[in-house]
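Next come the chains, spelled out residue by residue.
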Amino acid sequence: MMHKMEPWLKKMMLGVYGFVPLKCELFSMIRFFYLPKESIFRHLYFKGNFKVSVDKEHSFLMKHYGSGFAMESDHFWKGVGACERYSIDLWIKYAKQSDLILDIGANTGTYSLIASALNSNAEVHAFEPVKRTFDKLQSNVQINTFDIHLHNIALSDTVGEIFLMEEGGSNEYTAHVTKLQNPNSYLVCCKRLDSILNVNYIGKNILMKLDVERHEVSVLLGMGDLLKQLRPIILLEVLDEEMAIQLNPFFENLEYVFYNIDEMKGYFEISSVQKSFGNNIFCCPKEKVLQS
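Described below are features of the structure shown in this document.

Thresholds applied
- Residues numbered from 1 in each chain as written.
- Predicted model: local features only at pLDDT ≥ 70, side-chain atom pairs only at ≥ 80, totals over all residues.
- Heavy atoms only, no water.
- Helix = DSSP H or I, 4+ residues; strand = E, 2+ residues; numbered from the N terminus.
- Expected span 1.5 Å × (residues − 1).
- Buried < 20%, exposed > 50% of the residue type's maximum accessible area, 1.4 Å probe, protein only.
- Patch = residues over 30% accessible without salt bridge, like charges linked within 9 Å, V, L, I, M, F, W, Y side chains within 5 Å.
- Areas by Shrake-Rupley, 256 points an atom, 1.4 Å probe, with all protein chains shown as cover.
- Salt bridge = Lys/Arg side-chain N within 4 Å of Asp/Glu carboxyl O.
- Pairing = 2+ DSSP bridges.
- Axes fitted to C-alpha atoms, helices over the stretch in contact; angles between N-to-C directions.
- Arc of directions from axis to C-beta.

## A short note on helix α7 (residues 131-144)
So, step 1. Look at α7: 20 Å from first C-alpha to last across 14 residues, which is about the 20 Å you get at 1.5 Å a residue.
So, step 2. Every buried residue of α7 is listed here: Thr133, Phe134, Lys136, Leu137, Ser139, Asn140, Val141 and Asn144.
So, step 3. Directly after α7, the chain includes Thr145, whose backbone phi takes a positive value near 55 degrees.

## A word on a nonpolar patch on the surface
So, step 1. Together, Phe32, Phe33, Tyr34 and Ile40 make up a nonpolar patch on the protein surface, roughly 540 Å² of accessible area in all.
So, step 2. With respect to the helices and strands, Ile40 occurs in helix α3 (residues 38-41).
So, step 3. A residue is classified by how much of its surface remains accessible, and Ile40, at 41% relative accessible area, is partly exposed.

## Notes on the sheet that holds strand β9 (residues 185-192)
So, step 1. Spatially, the four strands line up as an open sheet ordered β6-β9-β7-β8, and their pairing is mixed. What marks the edges here is a single partner per strand, and that holds for β6 (154-156) and β8 (175-178). This sheet shows a mean twist of 50 degrees between the axes of neighbouring strands, independent of strand direction.
So, step 2. Pairing between strand β7 (residues 160-166) and β9: six bridges, direction antiparallel. Of the residues in β9, the one forming a bridge with Ile162 is Val188.

## A short note on helix α2 (residues 23-33)
In an α-helix, one full turn covers 3.6 residues, which means residues spaced three or four apart are oriented alike.
So, step 1. Residues of α2 that are buried include every one of Lys23, Cys24 and Phe27, and no others. Relative to the axis of α2, the buried residues are bounded by an arc of 90 degrees and lie together on one face. In this structure, α2 carries Met29, Phe32 and Phe33 as exposed residues pointing more than 90 degrees from its buried face.

So this is what it looks like as structure tokens:
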């Protein structure tokens, strides 16, 4: 009998929880003294803006939307490096030195916000094709008054439109490009990166994050000759060996240095692109590698 009542009890408790005032302020006090386990803090959500520190001198604001938004909860409770600690460490290190920063697959903007908080002189572009996610990205940029160029488009190797499919499930933001139309897909505007960038950026320090759910090859194809000409530093998502095999030819004879990133242990130099220990590989032109 009790088991049958649990959904009703849960619904009632959630309803009551929604009316509890000053949750952000209360959780901020708790966070100062104690970090709950993830299984606990994922249920300690709120709605409103909160501050994320990048380092002792730099921070940005992020908006939390309540239940189901795990990324925001992670940043609130565990800080800027909650999800990808060593990827973000590298991003911070190189963002400080960059003239142009491209956040491709920006989601709600963590990497773009970090870059703008650290380097107000950099030209920052954020690309996010999912409209509901883009709206949250736009809101995060606005509450910080950062000068980030926002693009509600997909990047690929073609210009026009492309099908995007949202995956649903526990991740509020996950979507990927698909070739076939289905009940969960819809068309979004699509551009090539070489229709946005040009040779005027040659000689600039360019930092790029490329996280587009196995569509990375198409985005690099859409750069044309600009990969060779601009020599960007790339934080590149590589989820499996098949993807790594397809990505390696882009970097042949370009004298890049590669680091496989383990978000628990650090990053380790490797000879070529391979499946990441976590999500990302760091690809850096040999002449742009910064010493620790």
